[in-house]
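Chain and residue survey
The primary structure of each chain is shown beneath.
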Amino acid sequence: MTAQCLKSSVIFRSSTFDNNRGHRQTRTTCSTAKTLCKSDAYGFGFAAKQADIQKAAREVRARDGAYGASGTSFYTTTEKQETYDSLDTVLDAKCRDTQVRKVIVEMLEAVADITEALRSALVTVEGSSNTFGDAQLSVDVIADEIMWAACRDSAVVAYGASEEEPEVRACNPNGEFTVCWDPLDGSSIVDNNWAVGTMIGVWGSKSGTGADGLIGATGRDQKTSLVALYGPRTTVLVALDDGVYEFSYGCTPEGCQLSDGSYEPWICSRHQIKIDEDCKIFAPANLRAAKEV
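Scope of this entry: the structure provided in the associated data block.

About the criteria used
- Residues numbered from 1 in each chain as written.
- Predicted model: local features only at pLDDT ≥ 70, side-chain atom pairs only at ≥ 80, totals over all residues.
- Heavy atoms only, no water.
- Helix = DSSP H or I, 4+ residues; strand = E, 2+ residues; numbered from the N terminus.
- Salt bridge = Lys/Arg side-chain N within 4 Å of Asp/Glu carboxyl O.
- Buried < 20%, exposed > 50% of the residue type's maximum accessible area, 1.4 Å probe, protein only.
- Arc of directions from axis to C-beta.
- Contact = heavy atoms within 4.5 Å.
- Pairing = 2+ DSSP bridges.
- Axes fitted to C-alpha atoms, helices over the stretch in contact; angles between N-to-C directions.

1. Observations regarding unusual backbone geometry
The residue Gln272 is not glycine, and still its phi comes out positive at about 45°. Within the element layout of this structure, Gln272 appears in the loop between strand 10 (266-270) and helix 7 (287-290).

2. Re the pattern of salt bridges
The full count for this structure, using the stated rule, is seven salt bridges. Close ionic contact of Arg169 with Glu165 constitutes a salt bridge, the shortest N to O distance being 2.9 Å. Taking relative accessible area as the criterion, Arg169 reaches 32% and is therefore assigned partly exposed. Classification of Glu165 as partly exposed rests on a relative accessible area of 36%.

3. Here we look at helix 4 (residues 87-94)
Those residues of helix 4 that fall on the buried side of the exposure criterion are Leu87, Val90 and Leu91. For helix 4, the angular spread of the buried residues around the axis is 100°, confining them to a single face. Exposed and oriented more than 90 degrees from the buried face of helix 4 are Asp92 and Ala93. Of the surrounding elements, those touching the buried residues of helix 4 are helix 5 (98-120), strand 8 (234-240), strand 9 (243-249) and strand 10.

4. As for the pairing of strand 8
Of all seven residues that make up strand 8, five are buried, and the element is covered over most of its length. The pairing of strand 7 (residues 222-230) with strand 8 spans five bridges and is antiparallel. Paired with Ala228 across the bridge in strand 8 is Val236. Counting the residues that bridge the hairpin from strand 7 to strand 8 gives three residues. What sits between the antiparallel neighbours strand 8 and strand 9 is a turn of two residues.

5. Let's talk about the sheet that holds strand 9
Taken in spatial order, the eight strands of this open sheet run 4-3-5-6-7-8-9-10, and their pairing is mixed. The open sheet terminates on both sides in strands that have one partner only, identified here as strand 4 (165-170) and strand 10. Sheet twist, expressed as the average angle between the axes of neighbouring strands with direction ignored, equals 20°. As defined by bridge partners, strand 3 (residues 157-162) adjoins strand 4 across three bridges and the pair is classed as antiparallel. Bridge assignment links Gly160 to a residue of strand 4, and that residue is Arg169. The sheet strands contacting helix 4 are strand 8, strand 9 and strand 10, and the helix crosses strand 9 at an angle near 165°. Strands strand 3, strand 5 (177-185), strand 6 (196-204), strand 7, strand 8, strand 9 and strand 10 of the sheet are contacted by helix 5, whose axis makes an angle of about 15° with strand 7.

6. Let's talk about the pairing of strand 5
The buried count for strand 5 comes to eight of nine residues, which makes it a mostly enclosed element. Bridge analysis of strand 3 against strand 5 gives five bridges, and the strand direction is parallel. In the sheet register, Val157 faces strand 5, and the bridge partner there is Phe177. Two strands pair when backbone bridges link them, and strand 5 and strand 6 are joined in this way by seven bridges, in the antiparallel orientation. Paired with Asp185 across the two strands is Gly197, which belongs to strand 6.

Okay, here's the thing in structure tokens:
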């Protein structure tokens, strides 16, 4: 039974990388599976078998450079670092305003909570709709509740507003920021397990007019903004004093283990990200763009 399950796993993984150069790779991993199934009769443990699979996979990568004709380097130019800065290290160096630092940390804590909720919540229809008439899903409501809780408990957020119900509400009378968010952008495709995200804008409560400071305020008046992406990893783009930085949640790269054996919840995975002037932007699962009109 163990050998058969292992064999299925190997073949499944090999098919993932099957493309223009995949035939030889598929034979390599499948033959590894056969060898492992045969070795089970001699009592080799499951861990040893997995180690052999990983070794075979590394040998394929070393020989061919990457899985498949496209290769990950075609899309990614980010090289592995010996170490990665923590969130606190980057904020101390790249965010002069201590109050802005606080709201960034609070919003990232909310994003971490949404990450954990998405991993455990089923996607179901709630039977309600938002102000725009869109049917709400369970994950919409969960993400929105997490964001509201973060703002209500915040030491620095004076007002909050959500796309689900775009009415500005008072949070902390001693706060100084107005935070607006879309709790789960793309929730209509979340049941297919596509990546979704949270978008957050932070204004000073006196950016414009009115008690919340939003009347007449523009995007340029923002103190900071965050865009979270919930995919295979949770990453958040954060606007700091000198550019945009990417922070990754729950990663455990080599060389970043703390003295107690744990890891920083957030590490800075990329610095000063820019969109090239000459580039193409594609939104996966954007059915409206693909629809014939």
